[in-house]
Amino acid sequence: MKASRGFRHRSRKLLRKHIRERGAVPPLSLLMREYKPGDKVYIIINPSVMRGMPHRRYHGKVATVVGKRGKAYILQLKVGSKIKTLIVRPEHLRPVPPEALTPPKEKKS
């Protein structure tokens, strides 16, 4: 029988929660957070929520919010020389802290 090629195939290690987090719904602070166009977000997949889940190849990437569609956000992400558009729900997004966006200052010796 041919192996199935589902949306989550080869993701056993990637889409696994820590043992004490299993079955837990995401905290409300993540769901209630509003992102504005131009905000940078990390795509961190929450495996317990199937709706609005991006493909596993985008896990850990940084994207830019372009707009909103219902409860989900429209993101743009540069992959190689292409720009991809993703529709992802907020359960799978984390805000990028502002200090991570600025390059580190060089030390003077």
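Residues numbered from 1 in each chain as written. Predicted model: local features only at pLDDT ≥ 70, side-chain atom pairs only at ≥ 80, totals over all residues. Heavy atoms only, no water.

Under an unreviewed UniProt entry, the name given to the protein chain is Large ribosomal subunit protein eL21, and the organism recorded is Pyrodictium abyssi.

Quick notes on the overall build of the protein chain
Broken down by element type, the protein chain carries 2 helices and 5 strands. Listing each helix as α and each strand as β along the protein chain from the N terminus yields α-β-β-β-β-β-α. Dimensions of the protein chain, computed from the C-alpha atoms along their principal axes, are close to 60 × 30 × 30 Å. Look at the contacts in the protein chain between residues 6 or more apart in sequence, and 54% of them connect residues 24 or more apart. Taken as a whole, the protein chain presents about 8600 Å² of accessible surface, with 54% of it coming from carbon and sulfur. When the 28 positive and 6 negative side-chain charges of the protein chain are each reduced to one mean point, those points stand 12 Å apart. (Helix = DSSP H or I, 4+ residues; strand = E, 2+ residues; numbered from the N terminus. Contact = heavy atoms within 4.5 Å. Areas by Shrake-Rupley, 256 points an atom, 1.4 Å probe, with all protein chains shown as cover. Lys, Arg positive; Asp, Glu negative; His and termini not counted. Charge placed at Lys NZ, Arg CZ, Asp CG, Glu CD.)

What about the pattern of salt bridges?
Applying the stated rule across the entire model yields 2 salt bridges. Measuring nitrogen to oxygen at the nearest pair gives 3.6 Å for the salt bridge that ties Lys68 to Glu34. A residue pair is termed long-range when its members are at least 10 positions apart, and Lys68 in strand 2 (residues 62-69) and Glu34 in the loop between helix 1 (28-32) and strand 1 (40-43) qualify at 34 residues. (Salt bridge = Lys/Arg side-chain N within 4 Å of Asp/Glu carboxyl O.)

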